[in-house]
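Descriptive analysis of the structure
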Amino acid sequence: PQLEIFANDVKCTHGATIGQLEDEQLFYLRARGINVETARDMLIYAFASDVIARIKVEPIRARMHEMIHERLQAERR
């Protein structure tokens, strides 16, 4: 959903960070010899990295990268 109110110059947007990984992306990585778990983790990390890169405070950005890495490792166990 998106709301734009021009009279007061107010804009509001909404997005979601859920969804399925695209089969074509997984296929591309799998066709290059990457196992399905690693391919999945790479795609999730790439998505998260795009968002994390916008964080201006370096210690927070670094910690977020660590947290994503830790979460992906925990899911493999």
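The coordinates are above.
Please read these numbers as outputs of a predicted model, since none were measured by experiment. (Residues numbered from 1 in each chain as written. Predicted model: local features only at pLDDT ≥ 70, side-chain atom pairs only at ≥ 80, totals over all residues. Heavy atoms only, no water.)

Secondary structure assignment for the protein yields three helices and two strands. Listing each helix as α and each strand as β along the protein from the N terminus yields β-β-α-α-α. Looking at the protein residue by residue over its 77 residues, the buried ones come to 12%. By sequence separation, contacts in the protein at least 24 residues apart represent 23% of the contacts at least 6 residues apart. Accessible surface for the protein amounts to roughly 6700 Å². Of this, 57% is attributable to carbon and sulfur atoms. (Helix = DSSP H or I, 4+ residues; strand = E, 2+ residues; numbered from the N terminus. Buried < 20%, exposed > 50% of the residue type's maximum accessible area, 1.4 Å probe, protein only. Contact = heavy atoms within 4.5 Å. Areas by Shrake-Rupley, 256 points an atom, 1.4 Å probe, with all protein chains shown as cover.)

Throughout the structure, instances matching the rule amount to seven salt bridges. Between Arg 61 and Glu 58 there is a salt bridge, with its nearest N and O atoms 2.3 Å apart. Of this pair, Arg 61 and Glu 58 both sit in helix 3 (residues 58-76), separated by three residues, roughly a single helical turn. Residue Glu 58 is classed as partly exposed on the basis of its relative accessible area, which comes to 44%. Across the salt bridge formed by Arg 63 and Glu 66, the nearest N and O atoms sit 3.2 Å from each other. Placement of both Arg 63 and Glu 66 in helix 3 is noted, with a separation of three residues, approximately one turn of the helix. We classify Glu 66 as partly exposed; its relative accessible area is 41%. One network of salt bridges, in which partners are shared, links Arg 40, Asp 41, Arg 71, Glu 75 and Arg 76. (Salt bridge = Lys/Arg side-chain N within 4 Å of Asp/Glu carboxyl O.)

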